[in-house]
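What follows is each chain in one-letter form.
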Amino acid sequence: MKDKNTEIREAIDAGNRALSALEEAARHLQSARGLGLWDMLGGGFLSSLLKHSKMDDAQRAMNRAEQELRAFGRELADVQMYADIQLRFDSFTRFFDTFCDNFFVDWMVQSQVLQAQDRVEEARQRVWEAVQQLQFLQGA
């Protein structure tokens, strides 16, 4: 059986991995947001393709972040802590946005990107707070 400090250290490490994955997702979403603005202002087919490439990158990062959040949750349970940290996101509508390209579709996709950014930031904040609590416990 592991000692308390080892369990806390493992939870901190898992939290830091989750933070890293969330920050990567946030960077890709920020790029997608910028490309989305360009697309809304008439960027056309190329801007839609570039935007969706960044959205695909963000989707992969969010999937990784969800895995890391589940691992973090398991590590928190080992130290009798609980944090409700989930990433819920809608799938992005690539076909419709690329081939039915107009302002309203671009706006709808941009709204999805903004919602995903909000969810990632909320999860990042909760993980950061939990890691801070763990670090306090480690020092106690």
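Above this text is the structure in question.
Quick caveat: nothing in here was measured; it's all calculated off a predicted structure. (Residues numbered from 1 in each chain as written. Predicted model: local features only at pLDDT ≥ 70, side-chain atom pairs only at ≥ 80, totals over all residues. Heavy atoms only, no water.)

Across its full length, the protein carries three helices and zero strands. Of the regular secondary structure in the protein, the N- to C-terminal order runs α-α-α. The 140 residues of the protein split such that 39% are buried. The contacts in the protein between residues at least 6 apart in sequence include a share of 79% that link residues at least 24 apart. (Helix = DSSP H or I, 4+ residues; strand = E, 2+ residues; numbered from the N terminus. Buried < 20%, exposed > 50% of the residue type's maximum accessible area, 1.4 Å probe, protein only. Contact = heavy atoms within 4.5 Å.)

Attention now moves to the pattern of salt bridges. All told, the structure shown has six salt bridges when counted by the stated rule. A salt bridge links Asp57 to Lys54; the nearest nitrogen and oxygen atoms lie 3.9 Å apart. Residue Asp57 and its partner Lys54 are both found in helix H1 (residues 4–78); the two are separated by three residues, about one turn of the helix. Classification of Lys54 as partly exposed rests on a relative accessible area of 27%. Through salt bridges with shared partners, one network takes in Lys54, Asp57 and Arg60. (Salt bridge = Lys/Arg side-chain N within 4 Å of Asp/Glu carboxyl O.)

To continue, consider unusual backbone geometry. Despite not being glycine, Gln80 shows a phi value in the positive range, around 55°. Examined against the element boundaries, Gln80 turns out to sit in the loop between H1 and helix H2 (94–99).

Counting residues in hydrophobic clusters, the biggest one holds 31 residues, and the most contacted among them are Leu22, Leu29, Phe72, Val127 and Leu134. Within the residue set of this core, elements represented by two or more residues are H1 and helix H3 (103–139). Among the elements that line this core, the one with the most residues is H1, at 19 residues. Residue contacts for Leu134: discarding those within four places in its chain leaves Ile8, Ala11, Ile12, Phe72, Leu76, Val79 and Met81. (Core = buried A, V, L, I, M, F, W, Y, C linked by side-chain atoms within 4.5 Å.)

Let us look at the side chain of Gln117. If you trace the backbone, Gln117 turns up in helix H3. Note on Gln117: relative accessible area 14%, which makes it buried. Non-local contacts of Gln117, meaning those with residues more than four positions away in its chain, are made with Leu29, Gln30 and Arg33.

In short, geometric facts, not functional conclusions.
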